[in-house]
Amino acid sequence: MKSTPDLYSCLWQERSAAPSFASILPTRARCVVIGAGYTGLSTALELSARSGGGEEVVVLDAMNIGDGASGRNGGQVIPGLKLNPDELEQRFGQQKGAVLADLVGGAATHVFNLIQRLGIECGARQDGWIQAAHHEAALDGLLDRAIQWQSRGADVQMLDAAQTTRLLGTPIYRGALLDRRAGQLQPYEYVHGLAAAARQRGVRIFEQCAALQLRRNESGWTVSTATGEIRAQQVVIATNAYSSPLLPALPHTYVTLWSLQAATAPLSSELLEQVLPGGLPVSDTFRVLRYFRRTTDGRFVLGTRGAFRDALNINDMARVRSEMLDIYPMLEGVPITHCWCGRVAVPAASIPMLSQPEPGLTVALGYYGRGVAMATRMGALVADLVNGLPAHESPYPVTPFKAMPAAPLHRNVARVAANVMRFQDLFERRVRGVKR
Ligand SMILES: Cc1cc2nc3c(=O)[nH]c(=O)nc-3n(C[C@H](O)[C@H](O)[C@H](O)COP(=O)(O)OP(=O)(O)OC[C@H]3O[C@@H](n4cnc5c(N)ncnc54)[C@H](O)[C@@H]3O)c2cc1C
């Protein structure tokens, strides 16, 4: 497989973005939302829909819309959280856990309905997602997950090894879970569609406008930026893995991981019949998992855990290429045209954090690699709180805002853990013959 070394850019972001929305920064707002990704924009949309107009909602982003994870992810729209529904009921109690499972299980459908309602063109397809098992124990885990969702009425089924091979075009997996609630989209077009819809409803979005400081005052909050200050009754922090220490503990409420992706040139019709012929997006069950899909123009895109940095080099490209070839050796010789990465926030509690550190201040972040559906769904939950819903009445757990104990050490621990997991995966592939 050949690669072009100067193409460290995100495939999705090649689509032209709408011109910047900035005008003169207002001095007052009802709510300032910090972060223009799925969380921030869906919150702004919800707030504007409920008030009949978004004039009083301002969104700030330090970069441009879609420069964070929302414009650079894999576009796999997956319902649920990393925890299974039974685990949610064990942790939060039968009643609250069941409500939560229902909410997160419906998150992908929420996204597809929203896209349809707003008329967002982003190649959205709700026809399934496959989680492929790399060995028997992983398959047992998927079966358990499938049974749990089926008992709650979800359209989830198991595929045997032959069915998996037929849909994926590779014989390396032992079977899979097929979740028909899920699907795929072009992430950058989606985040820009949300921004355009929010703007149409009167929300004012300011790019290249970082919130630099937050101060509480007698009637709410003052948000300082390089171009002025805004006073607001409410502030929402939706900065996910790109958080700065706006609140000292903020960057220490999660662990940052990097996810790395690469896209090939459009495949020939012969290769399209062999590489992911079913056309559904896939994640596998390796500890350092691989997720992959095809694009509407016939490219193959694969992602996996990245190095602990934003800047990429030839080793990153080589790593993702070797993962591609591990699954689809027939891609040998197909050029990689794009390679990029982004930051993922792993929350301390294994589920995304929704928190209210102080009156009038709401924080929502930490979706692991499952934010397309859940970050969008979070918008309505945040808007409820901003509009005065008491935290204990939220269907989603509103948890204390605190830094993880020994937070600075977590990055080092995560690095070591990532290496150990990669070694375990290699061991399983080679010694136990998991692969081929
Ligand atoms: C490479 C990659 C692949 C992924 N693949 C998938 C996938 O296939 N499926 C899935 O469900 N999830 C996936 N995810 C996760 C998903 O993309 C995220 O969970 C989701 O986009 C988070 O959205 P967000 O709005 O919370 O954060 P982001 O989209 O990261 O937005 C945060 C924004 O906050 C801004 N910001 C930060 N600080 C400030 C400040 N002080 N002032 C103003 N603005 C600020 C940033 O500029 C950024 O734009 C992936 C993530 C990555 C990185």
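Residues numbered from 1 in each chain as written. Predicted model: local features only at pLDDT ≥ 70, side-chain atom pairs only at ≥ 80, totals over all residues. Heavy atoms only, no water.

Trainee: Explain the side chain of Thr164 to me, please; I cannot follow it from the model alone.
Mentor: By secondary structure assignment, the location of Thr164 is in helix H6 (residues 161-168). At a separation of 3.4 Å, a polar atom in the side chain of Thr164 contacts the main-chain amide nitrogen of Ala176. Contacts of Thr164, omitting those with residues within four sequence positions, involve Leu159, Gly169, Tyr173, Gly175 and Ala176. (Helix = DSSP H or I, 4+ residues; strand = E, 2+ residues; numbered from the N terminus. Polar contact = N/O pair within 3.5 Å; in protein donor to acceptor, adjacent residues only side chain to side chain. Contact = heavy atoms within 4.5 Å.)

Trainee: What is the right way to read the pairing of strand E11 (residues 228-237) from this model?
Mentor: Walk down a regular strand and you will see the side chains alternate between the two sheet faces. Pairing between strand E1 (residues 28-34) and E11: six bridges, direction parallel. Bridging from a neighbouring strand, Arg28 pairs with Arg231 of E11. As defined by bridge partners, strand E10 (residues 220-225) adjoins E11 across five bridges and the pair is classed as antiparallel. Across the sheet, residue Ser224 finds its bridge partner in E11, namely Glu229. (Pairing = 2+ DSSP bridges.)

Trainee: Even after reading the chapter, I still don't get the site of the ligand, so can you show me in this structure?
Mentor: Residues in contact with the ligand amount to 38 residues; listed here are only the nearest, Thr39, Asp61, Ser70, Gln76 and Val372. In the model, a nitrogen atom of the ligand is placed 2.8 Å from a nitrogen or oxygen of the Gln76 main chain. One of the backbone nitrogen or oxygen atoms of Gly371 is found 3.0 Å away from an oxygen atom of the ligand. Contact with the protein chains removes 98% of the 1000 Å² of surface that the ligand exposes when unbound. Mapped by element, the contributors of at least two residues to the shell around the ligand are helix H1 (38-51), strand E12 (254-264), strand E16 (336-347) and helix H10 (371-386). (Near = heavy atom within 4 Å. Areas by Shrake-Rupley, 256 points an atom, 1.4 Å probe, with all protein chains shown as cover.)

Take it as geometry only, folks, not as evidence of what the structure does.
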